Amino acid sequence: MSAASSIGASPVRHLIALSARSLGFLKDVTLHDTGYVDAVLVHGRFDFECYTEDLFHKLALAFPPSLCTALPSRRAEFLAGRAMANAALQALGQLTTEIPIGPDRAPVWPKGSVGSITHARGHCACFAKGDPGWQAGVDIEAIASGHALESILSMTTNQRERDLIARQTALPPDRLATLLFSAKETLFKGLYPVVRRFFGFECADYGRPLRTDACGCT
């Protein structure tokens, strides 16, 4: 059963209207079945070239003061992410869909819900669930290459993980390295609301229990 049929037709109509109001900024916005009860994933694409300041008003989304000095590209990313989050919350039947920026710059989700937002290279998504007891994380990454791939391997993986990436044959090394980085980013997003401290990539070691205490997080 698809997410659209299990949640209802109204969220689908909202996604169609959302894309229309964005005047080409948002494209291919879709609602996905997560396999979990009362949980949705909304994914779409956004076009930097179609971004204008008045889109916040057209999409009925708040423009936070912290974005006043941000570059247009950052504003576009924020708008796309919040649009996906707004759509996800509406699909869950949430009446309050504004998601302010907290003191630690993390999204503040309405009471009774939890979620995670991501955007990269013109793609944006939000996973949301109507259960604040959950820890939610989602991440989108472009396949790394060149200096970006070197940085992932040197800064976010340990020697054991690099050896595994080098010797396996299921996926090309660039895809597997990017996937591992994305998994660690997703884990951080899910755990940060619990530990409320930043912890490094070394805390998530593939094949070993997570040790946030070893990195100063208890």
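Residues numbered from 1 in each chain as written. Predicted model: local features only at pLDDT ≥ 70, side-chain atom pairs only at ≥ 80, totals over all residues. Heavy atoms only, no water.

## A short note on the layout of surface pockets
Next, step 1: Here the largest pocket is characterised by a volume of approximately 940 Å³.
Next, step 2: Taken together, 36 residues form the lining of the largest pocket, with Arg105, Ala106, Pro107, Lys189 and Tyr192 sitting closest to its centre.
Next, step 3: Residue assignment for the lining of the largest pocket shows that the elements contributing at least two residues are helix 4 (72–91), strand 3 (114–120) and helix 7 (173–195).
Next, step 4: The element that contributes the greatest number of residues to the lining of the largest pocket is helix 7, accounting for seven residues.
Next, step 5: Partitioning the lining of the largest pocket into residue classes produces 17 nonpolar, nine polar and 10 charged. (1 Å grid on protein atoms, 1.4 Å probe; cavity = no way out; pocket = protein on both sides within 12 Å on 5 of 7 lines; lining within 4 Å. Points joined across faces, edges and corners; volume = space filled by probe spheres on them. Helix = DSSP H or I, 4+ residues; strand = E, 2+ residues; numbered from the N terminus. Nonpolar A, V, L, I, M, F, W, Y, C, P; charged D, E, K, R; others polar.)

## Brief notes about the sheet that holds strand 4 (residues 123–129)
Next, step 1: Within the open sheet, the four strands sit side by side as 1-2-4-3. Their pairing is antiparallel. With one partner strand each, in any of the chains shown, strand 1 (26–33) and strand 3 form the two edges of the open sheet. Each adjacent strand pair in this sheet contributes to an overall mean axis angle of 15°, direction not counted.
Next, step 2: Here strand 1 pairs with strand 2 (residues 39–46) via six bridges, running antiparallel. Bridge assignment links His32 to a residue of strand 2, and that residue is Leu41.
Next, step 3: Against the sheet, helix 4 contacts strand 1, strand 2, strand 3 and strand 4, and its axis sits at roughly 150° relative to strand 2. (Pairing = 2+ DSSP bridges. Axes fitted to C-alpha atoms, helices over the stretch in contact; angles between N-to-C directions. Contact = heavy atoms within 4.5 Å.)

## Regarding the packing of aromatic side chains
Next, step 1: Using the criterion set out here, one finds eight aromatic pairs in the structure.
Next, step 2: Their ring planes at 80° and their centres at 5.0 Å tell us that Tyr36 and Trp134 sit as a pair that is edge-to-face. Of this pair, Tyr36 sits in the loop between strand 1 and strand 2 while Trp134 is found in the loop between strand 4 and helix 5 (146–155), placing the two residues 98 residues apart along the sequence.
Next, step 3: On the basis of relative accessibility, which here comes to 28%, the residue Trp134 falls in the partly exposed class.
Next, step 4: Three or more aromatic residues joined by ring pairs form one cluster here, namely Phe25, Phe46, Phe48 and Tyr51.
Next, step 5: Above the ring of Trp134, the side-chain terminus of Lys129 is found at 4.5 Å from the ring centroid. (Phe/Tyr/Trp six-rings, centres within 6.5 Å; stacked < 30°, edge-to-face > 60°. Buried < 20%, exposed > 50% of the residue type's maximum accessible area, 1.4 Å probe, protein only. Lys NZ or Arg CZ within 6 Å of the ring centre and 35° of its normal.)

## So, the side chain of Thr156
Next, step 1: By the secondary structure assignment, Thr156 is in the loop between helix 5 and helix 6 (159–167).
Next, step 2: Not counting the four nearest positions on each side in its chain, Thr156 is found in contact with Ser151, Glu161, Phe181, Lys184 and Phe201.

## Focus: unusual backbone geometry
Next, step 1: Of note in the backbone geometry, Leu23 takes a positive phi value of approximately 55° without being a glycine.
Next, step 2: Its place among the elements puts Leu23 in the loop between helix 2 (9–21) and strand 1.
Next, step 3: Note on Leu23: relative accessible area 57%, which makes it exposed.
Next, step 4: With a phi close to 75°, Arg105 is a non-glycine residue in the positive phi region.
Next, step 5: Within the element layout of this structure, Arg105 appears in the loop between helix 4 and strand 3.
Next, step 6: Look at Arg105 and you get exposed, because its relative accessible area is 54%.

## Re the pairing of strand 3
Next, step 1: The element strand 3 is largely enclosed, with a buried count of six among its seven residues.
Next, step 2: Across seven bridges, the pairing between strand 3 and strand 4 is antiparallel. Among the inter-strand pairings, Ser116 is bridged to a residue of strand 4, identified as Phe127.
Next, step 3: Turn length for the strand 3-strand 4 hairpin, with the two strands adjacent in sequence and antiparallel, is two residues, and the turn residue Arg121 shows positive phi of about 50°.

## Section: the nonpolar core
Next, step 1: In this structure, Phe25, Leu26, Val42, Leu79, Met84 and Cys126 are the most contacted members of the largest nonpolar core, which totals 34 residues.
Next, step 2: Those elements that provide at least two residues to this core are helix 2, strand 1, strand 2, helix 3 (55–58), helix 4 and strand 4.
Next, step 3: By residue number, the principal contributor to this core is helix 4, which donates 11 residues.
Next, step 4: Core analysis: the second largest hydrophobic core is formed by eight residues, Leu149, Ile152, Ile165 and Ala177 among them. (Core = buried A, V, L, I, M, F, W, Y, C linked by side-chain atoms within 4.5 Å.)

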